[in-house]
Structures are given as C-alpha cells and as structure tokens.
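Tertiary structure, described
Residue-level listing of the chains:
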Amino acid sequence: MTLDAGDDAPEVTAKNQHGETVSPSFEEPTVVYFYPRDDTPGCTVEAKQFNAELETYHDAGVTVYGVSTDDVESHEAFAEKFDLDFDLLADSDGEDIADAFGVEVENGFTPRTTFVVADGEVQAFYPGVDPDGHARDVLQEMLDDELAVLK
C-alpha cells in the first residue's frame, strides 16, 4: 500500500549517481520523486525543472531526491548529460526505496509519483504526476503549507 500523508517515513538507503551510499533522514523537508526511466522525454523535463528550482528548494531548506529503477551508471550518465545537481538514487530492483514507499514497480518501472516528507512523516503524496511544472508546484505548496520557509 502506498504511503500517504501522516504515515511514518521509511528508513531507506541507496547509492546515488556517484556510487555513494545515501540514507536520507527525512526529519528536514525532503522531496522524493519517483520517475520511470533516465533520459526519456517526460523524465528529462521533470529532472531539468527540479534542477532549475533547486536553488530555491535549498534556500527553503528542502532536499530533493530522484528515484528510479535505473542503475548507478545510468543515473551518472543522465546527471552528467543534464548537469543535475541533486541525488538520483538507484533502486534497481524496486525492492528498496519503491517498496518502502509502497510504490508499485510495473514492468521494471516506477510510476511518476512524488512524496513530500518532513518531521519523519509523509506530508504530501502526489500520484500520476504530470512532469511539466511539477517541481514548481510542489515547492509552492510546501511554502504555502509552511513545510518550508524561504530564507
């Protein structure tokens, strides 16, 4: 079952595009967005827009993670190609992060789904995301809901 607002955030660990092990704490405001595949049209739009908003996310104290079933090498190539400055977490079998968040892996891919996590629990859940404009919408809602504050 997919996690929803009010559910405890799971403990997860995965490798990023640099092969470094990452274990988000989820105490501070965090966006975890799942996407189907590196370097595909919709996923590229979404990643580039999160990257374009990244400075504002950071100014608001928010960390952003992208997650797909692609491996570390694929994430590395995708991040380098588009100069992405946030962690892309590799969940190659979907049994680590996707499973922990209750995101179903279908035919080896995760659906486009976003979670906002803070204070150790899920604050918001966005299923079936339209990638265009999503990064800005999530940030605006976090600011409106006072989950994040621009400094």
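An account of the accompanying structure is given in this report. (Residues numbered from 1 in each chain as written. Predicted model: local features only at pLDDT ≥ 70, side-chain atom pairs only at ≥ 80, totals over all residues. Heavy atoms only, no water.)

A few points about the overall build of the protein chain
The criterion, for reference: The way it works is that DSSP assigns letters per residue, a run of H or I at least four long becomes a helix, a run of E at least two long becomes a strand, and they are numbered from the N terminus. Here the globule rule reads 2.2 Å times residues to the power 0.38, and the radius of gyration is calculated from C-alpha atoms. In this scheme, a residue with accessible area under 20% of its type's maximum is buried, one over 50% is exposed, and one in between is partly exposed, where area comes from a 1.4 Å probe on protein chains only. The criterion used for residue contact is that any of the two residues' heavy atoms lie within 4.5 Å. All accessibility values rest on the Shrake-Rupley procedure with a 1.4 Å probe; residue burial counts only the protein chains present in the view. By the counting rule applied here, Lys and Arg register as positive and Asp and Glu as negative, while His and the ends of each chain are not counted. We put the charge of a Lys on NZ, of an Arg on CZ, of an Asp on CG and of a Glu on CD.
The number of helices and strands found in the protein chain is four helices and seven strands. Ordered by position from the N terminus, the helices and strands of the protein chain form the series β-β-β-α-β-α-β-α-β-β-α. Relative to its length of 151 residues, the protein chain is compact, with a C-alpha radius of gyration of 14 Å against a globular reference of 15 Å. By its C-alpha atoms, the protein chain is 35 × 30 × 30 Å across when sized along the principal axes. Scored against the burial criterion, the 151 residues of the protein chain give a buried share of 48%. Counting contacts in the protein chain only where the partners sit at least 6 residues apart, residues at least 24 apart contribute 68% of the total. Accessible surface for the protein chain amounts to roughly 7,400 Å². Of this, 42% is attributable to carbon and sulfur atoms. Between the mean site of the 7 positive side-chain charges and the mean site of the 37 negative ones, the protein chain shows a separation of 9 Å.

Digging into the pairing of strand β6 (residues 113-118)
Definition in use: In this analysis, strands are considered paired if DSSP registers two or more bridges between them.
Taking burial as the measure, the six residues of β6 include six buried ones, the bulk of the element. Here β6 shows two buried faces, one formed by Thr-113, Phe-115 and Val-117 and the other by Thr-114, Val-116 and Ala-118. For β6 and strand β7 (residues 121-126), the ladder comprises five bridges, and the chain directions are antiparallel. Among the inter-strand pairings, Val-116 is bridged to a residue of β7, identified as Ala-124. In this antiparallel pair of consecutive strands, β6 and β7, the connection spans two residues, and Asp-119 shows a positive phi of 55°.

Examining the environment of Gly-94
Mapped onto the fold, Gly-94 is located in the loop between β5 (87-90) and α3 (97-101). You can call Gly-94 buried: its relative accessible area is 8%. Each C-alpha atom, one on Gly-94 and one on Asp-83, is 25 Å from the other, the two residues being eleven residues apart in sequence. Those residues in contact with Gly-94 that sit more than four places away from it in its chain are Thr-69, Asp-99 and Val-105.

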